[in-house]
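Analysis of the macromolecular model
Each chain, written out:
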Amino acid sequence: GENVEQHPSTLSVQEGDSAVIKCTYSDSASNYFPWYKQELGKRPQLIIDIRSNVGEKKDQRIAVTLNKTAKHFSLHITETQPEDSAVYFCAASARGGSQGNLIFGKGTKLSVKP
Amino acid sequence: SQTIHQWPATLVQPVGSPLSLECTVEGTSNPNLYWYRQAAGRGLQLLFYSVGIGQISSEVPQNLSASRPQDRQFILSSKKLLLSDSGFYLCAWSPLSETQYFGPGTRLLVL
């Protein structure tokens, strides 16, 4: 079935460094790729998303890149801050996105050390 | 603007007791609705989704059920809770754009 693999499962960086989280997906019909940030005890919040007709998207310190040929996409956070510490989930639309279902990765716990 | 509500926020229930969790969405019509479960420190497991009133699709077999009695109301139920039902239950809604927006969640502890 459709699958999204996310790496690494944990990531520790120093404040100010960059962080990169990578995901691969199996369904070639996937065309929508959101990223969510979940702080401890809170709901996942959408932080950035990208569609298959775009290769890169930026929003201040965060960016997402997409390689449809290789079926992988990545989240880049620059100049990390302690408040970036959270669990990040990638996702890919399932069944061509016809029903809005998302397949989620297992998450990456990011720790930013001051 | 759209708002999603879930209640209760926390719940402690004995094994074998029934369960009813409610999710409502405001400010939109005919959304897709989803129930997810998240075990402590784990990922998001899709339990049910609905594309319309009375239309429920189940992703995993379990002792839970879902219903959508109104366009913007989604209910998660169980007749008899198991210890393994403990977790963080998240409701989400989606417009046609596929983006999913999560509710605040219900933390369920089954003892």
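See the structure above.
Described in the following lines is the structure provided in the data block. Position numbers for residues start from 1 in each chain and track the written sequence from start to end. Each chain takes a letter, starting from A, and each ligand takes a number, starting from 1, following the order in which they are written. Local features are withheld for residues below a pLDDT of 70 in this predicted model, meaning they are given only at 70 or higher, and side-chain atom pairs are given and counted only at 80 or more; totals for whole chains, interfaces and linings count all residues. Hydrogens and water molecules were not included; the side-chain quantities draw on all heavy atoms of the structure.

What follows deals with the interface of chain A and chain B. Many structure descriptions define interface size as the accessible area lost when the parts assemble. Note on contacts: a residue pair is in contact if any heavy atoms of the two residues lie within 4.5 Å. The interface of chain A with chain B comprises 22 residues on the first partner and 21 residues on the second. Taking both sides of the interface into account, the surface hidden between chain A and chain B amounts to around 1,600 Å²; carbon and sulfur atoms contribute 49%. When a carboxyl oxygen of Asp or Glu lies within 4 Å of a side-chain nitrogen of Lys or Arg, that pair is called a salt bridge. On inspection of chain A and its partner chain B, the count reaches zero salt bridges. When residues of the side of chain A that touches chain B are traced back to their parent elements, those giving at least two are strand S4 (32-38), strand S5 (45-51), strand S9 (86-93) and strand S10 (102-104) of chain A. Amino acids are sorted into nonpolar (Ala, Val, Leu, Ile, Met, Phe, Trp, Tyr, Cys and Pro), charged (Asp, Glu, Lys and Arg) and polar (every other residue, Gly among them). Grouping the amino acids of the side of chain A that touches chain B by side-chain chemistry returns seven nonpolar, nine polar and six charged. Take the accessible area each of two parts loses on contact, using a 1.4 Å probe, and add the two losses: that sum is the buried area. For the purposes of this entry, the term helix denotes a DSSP run of H or I that reaches at least four residues, the term strand denotes a run of E that reaches at least two, and both are numbered from the N terminus.

Attention now moves to the packing of aromatic side chains. Geometry of aromatic contacts follows a simple scheme: Phe, Tyr and Trp rings, the Trp one being its six-membered ring, pair when their centres are within 6.5 Å, and the pair is stacked under 30 degrees between planes, edge-to-face over 60, tilted otherwise. Inspection of the entire model under this criterion finds 13 aromatic pairs over all chains. Arranged with centres 5.6 Å apart and planes meeting at 90°, the rings of Phe104(A) and Tyr36(B) form a pair that is edge-to-face. You can see Phe104(A) sitting in strand S10 and its partner Tyr36(B) sitting in strand S4 (residues 32-38), one on each of two chains. Here Phe104(A) matches Tyr36(B) in class, with each residue buried. Over the ring of Phe88(B) we find Arg107(B); its NZ or CZ atom is 4.1 Å from the centre of that ring. Note on exposure labels: buried denotes an accessible area under 20% of the residue type's maximum, exposed denotes more than 50%, and partly exposed covers the range between, all computed with a 1.4 Å probe on protein chains only. By definition here, charges over rings are those cases where NZ of Lys or CZ of Arg is within 6 Å of the ring centre and within 35 degrees of the ring normal.

A separate point is the pairing of S4(B). Residues and elements named next belong to chain B. Extensive coverage of S4 is indicated by the burial of seven of its seven residues. Side chains Asn32, Tyr34, Tyr36 and Gln38 of S4 all project onto a buried face; the interleaved residues Leu33, Trp35 and Arg37 project onto the opposite face, where all are buried too. Strands qualify as paired when DSSP identifies two bridges or more between them. Here S4 pairs with strand S9 (residues 87-94) via seven bridges, running antiparallel. If you follow Arg37 over to S9, its bridge partner there is Tyr89. When S4 meets strand S5 (residues 45-52), the two strands line up antiparallel, connected through five bridges. Across the sheet, Trp35 pairs through a bridge with Phe48, a residue of S5. In sequence, S4 turns back onto S5 through a hairpin of six residues, with Gly41 there showing a positive phi of about 70°.

Core analysis: the biggest nonpolar cluster contains 23 residues, and Trp35(A), Phe73(A) and Leu110(A) have the highest contact counts within it. Looking at this core, the elements with two or more residues in it are strand S2 (10-14), strand S3 (19-25), S4, S5, strand S7 (62-67), strand S8 (72-77), S9 and strand S11 (108-113) of chain A. In this structure, Leu11(B), Leu33(B), Leu76(B) and Leu81(B) belong to the second largest nonpolar core, which totals 20 residues. Residues grouped as a nonpolar core are buried Ala, Val, Leu, Ile, Met, Phe, Trp, Tyr and Cys residues, joined through side-chain atoms within 4.5 Å.

This brings us to the sheet that holds strand S1 (residues 3-7) of chain B. Residues and elements named next belong to chain B. Taken in spatial order, the four strands of this open sheet run S1-S3-S8-S7, and their pairing is antiparallel. Two strands bound the open sheet, and with one partner strand each, they are S1 and strand S7 (64-70). Between one strand and the next, the sheet's axes are offset by a mean angle of 20°, whatever the strand orientation. Across six bridges, the pairing between strand S3 (residues 19-26) and strand S8 (residues 73-78) is antiparallel. Within S8, the residue paired with Cys23 across the bridge is Phe74. Axis definition: a line fitted to C-alpha atoms, over the contacting stretch in the case of helices. Angles run 0 to 180 degrees between N-to-C directions.

All right, on to the side chain of Gln38(B) then. Examined against the element boundaries, Gln38(B) turns out to sit in strand S4. Contacts described as polar in this section are N or O atom pairs within 3.5 Å, which, within protein, must combine one atom able to donate a hydrogen with one able to accept it, while residues neighboring in sequence count only if both atoms come from side chains. Here the side chain of Gln38(B) touches Gln38(A) through a polar contact of 2.8 Å, side chain to side chain. If near-sequence neighbours (up to four positions away) are discounted, Gln38(B) is found in contact with Gln38(A), Phe89(A), Gly43(B), Leu44(B), Gly87(B), Phe88(B) and Leu90(B).

This paragraph deals with empty space enclosed by the protein. Left-over empty space is what a probe sized like a water molecule reveals as it rolls over the atoms. Residue and element names in this part refer to chain A. Cavities and pockets were defined on a 1 Å grid built over protein atoms only: a cavity is a set of grid points that admits a 1.4 Å probe from which the probe cannot escape, a pocket is an open set flanked by protein on both sides within 12 Å along at least five of seven lines, and lining residues are those with an atom within 4 Å of any such point. Grid points are joined across faces, edges and corners, and a volume is the space filled by probe spheres set on the points. Counted under the stated rule, the structure contains one cavity of 30 Å³ or more. Approximately 30 Å³ is the volume found for the largest cavity. Around the largest cavity sit Glu2, Asn3, Val4, Tyr25, Ser26, Asp27, Ser30, Ala92, Ser93, Ala94 and Ile103, which together line it. Each residue belonging to the lining of the largest cavity can be placed in one class, and the counts come to five nonpolar, four polar and two charged.

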